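A structural walkthrough
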Amino acid sequence: MAKNKILAKLNPLFFSGIAHRGLWNAEFTENGLKAFQNAIDHHLAFEYDIHLTKDGQLLVCHDDNLKRTTGKEGIIEELSLAEIKANYHLLDGEEVPTFHELLSLNHEQVPMVCELKVHQGNYKALAQAAQAAFKKEIKDKKNLWVISFDPRALLRIHGYVRGLLVCKEHLWTLKLRNLYESLDMEDTLVAEPRVIRYRKKHPINTWTIEKSEQIAAVRPFVDTMTFQKLAPEEIHKALP
């Protein structure tokens, strides 16, 4: 598929910068509804992560352990949604949101990047649950870009632009790049010759940009960037 055809499948707002885990700060906890509302208020695309609870519900959180964002130990995949809702709150006092709650908040006002977070080989169940939720709740496929470090989970997603996440620790996955419509690269890898060649036909996103010097370093090699700890205006200056 030609690059322009892939780009046509994505909301143009993706290419003005993507807020990592929402537009979070000292007041709003990452991957919480307040952080996502802040991104919506700034008319920004945002990225979030989904896990599968013990009872098969999709929960929004980066880590599989709830400790860092709630202050309390607990593995999402070992807990039911009811247990999490009853016993865990984000550091800003909010509930840990479900995927449905996030979608209900956004109503596709801005496009979203959804990362599938695989835990102990649950890639098949996670992808099936995600695909079912997408089919039920996403009205315009241009508003969703699906990414994952796990190639197996990503292969089970259909009908959406998929981006393979690649980092230095698992650089071997870059060999699978042609199975997917896009790449989501660690910032230090974007000048890799294979990535440069791939970009001629596919869009490239990079992560996680949090310093002005990173913006300047990656800009010649990417189509958009996922950022945090920066004012959106700094990203907008670099992207068309």
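The notes below deal with the structure included here. (Residues numbered from 1 in each chain as written. Predicted model: local features only at pLDDT ≥ 70, side-chain atom pairs only at ≥ 80, totals over all residues. Heavy atoms only, no water.)

**Description of the overall build of the protein**
- For the protein, the helix and strand inventory stands at ten helices and nine strands.
- Its C-alpha atoms give the protein a radius of gyration of 17 Å, within 12% of the compact-globule value 18 Å for 240 residues.
- Burial statistics for the protein: of 240 residues in total, 57% are counted as buried.
- Here the protein has roughly 10700 Å² of accessible surface; of this, 54% comes from carbon and sulfur atoms.
- Looking at the protein, you have 32 positive and 32 negative side-chain charges, and the mean spots of the two groups are 9 Å apart. (Helix = DSSP H or I, 4+ residues; strand = E, 2+ residues; numbered from the N terminus. Rg over C-alpha atoms; globule rule 2.2 N^0.38 Å. Buried < 20%, exposed > 50% of the residue type's maximum accessible area, 1.4 Å probe, protein only. Areas by Shrake-Rupley, 256 points an atom, 1.4 Å probe, with all protein chains shown as cover. Lys, Arg positive; Asp, Glu negative; His and termini not counted. Charge placed at Lys NZ, Arg CZ, Asp CG, Glu CD.)

**With respect to unusual backbone geometry**
- Of note, the amide linkage connecting tryptophan 207 to threonine 208 takes the cis form, showing an omega dihedral of -25 degrees.
- Mapped onto the elements, threonine 208 comes out in strand β8 (residues 204-209).
- With a phi close to 55 degrees, glutamate 108 is a non-glycine residue in the positive phi region.
- As for its placement among the helices and strands, glutamate 108 is situated in the loop between α5 (99-106) and β4 (112-116).
- By relative accessible area, glutamate 108 is classed as buried at 18%.

**A look at α5**
- Among all positions of α5, only Phe99, Leu102, Leu103 and Asn106 are buried. Burial along α5 is one-sided: seen end-on, the buried residues are contained in an arc of 95 degrees.
- Summarising the contacts, the buried residues of α5 are in contact with α2 (33-41), β2 (45-52), β3 (58-60), β4 and α6 (123-137).
- Where α5 terminates, the next one or two residues include histidine 107, which has phi positive at roughly 50 degrees. (Arc of directions from axis to C-beta. Contact = heavy atoms within 4.5 Å.)

**Side note on the side chain of glutamine 214**
- Considering the arrangement of structural elements, one finds glutamine 214 in helix α9 (residues 212-218).
- The class for glutamine 214 is buried, based on a relative accessible area of 15%.
- What glutamine 214 contacts, discounting residues up to four positions off in sequence, is Asp187, Thr208 and Ile209.

**Some details on the packing of α2 against α5**
- With their axes 10 Å apart at the nearest point, α2 and α5 run at an angle of 30 degrees to one another. When the axis of α2 is compared with that of α5, the two are roughly parallel. The interaxial crossing formed by α2 with α5 has right-handed handedness. Contact residues: α2 offers Leu33, Phe36, Gln37 and Ile40, while α5 offers Glu101, Leu102, Leu105 and Asn106.
- Here the residues of the contact of α2 with α5 are counted per class, giving five nonpolar, two polar and one charged. (Axes fitted to C-alpha atoms, helices over the stretch in contact; angles between N-to-C directions. Parallel < 35°, antiparallel > 145°, perpendicular 65-115°, else oblique. Left-handed = near helix turned anticlockwise from the far one by under 90°. Nonpolar A, V, L, I, M, F, W, Y, C, P; charged D, E, K, R; others polar.)

**A look at the packing of aromatic side chains**
- The full count for this structure, using the stated rule, is nine aromatic pairs.
- An angle of 80 degrees between the planes, with centres 5.3 Å apart, marks the rings of phenylalanine 14 and tryptophan 145 as edge-to-face. Of this pair, phenylalanine 14 sits in the loop between α1 (3-7) and β1 (18-19) while tryptophan 145 sits in strand β5 (residues 144-148), and the two are 131 residues apart along the sequence. Tryptophan 145 carries the same exposure label as phenylalanine 14, and that label is buried.
- Ring centres of phenylalanine 46 and tyrosine 48 lie 6.1 Å apart, and the angle between their planes is 55 degrees; on these two criteria the pair is classed as tilted.
- According to the relative accessible area criterion, phenylalanine 46 is buried, its value standing at 0%. (Phe/Tyr/Trp six-rings, centres within 6.5 Å; stacked < 30°, edge-to-face > 60°.)

**Re the environment of lysine 85**
- Within the secondary structure layout, lysine 85 lies in helix α4 (residues 81-87).
- Note: C-alpha distance between lysine 85 and phenylalanine 134 (49 residues apart in sequence) is 23 Å.
- Residues in contact with lysine 85, not counting those within four places in the same chain, are Glu95, Val96, Pro97, Thr98 and Glu101.
- At 2.8 Å, the side chain of lysine 85 and the side chain of glutamate 101 are in polar contact. (Polar contact = N/O pair within 3.5 Å; in protein donor to acceptor, adjacent residues only side chain to side chain.)

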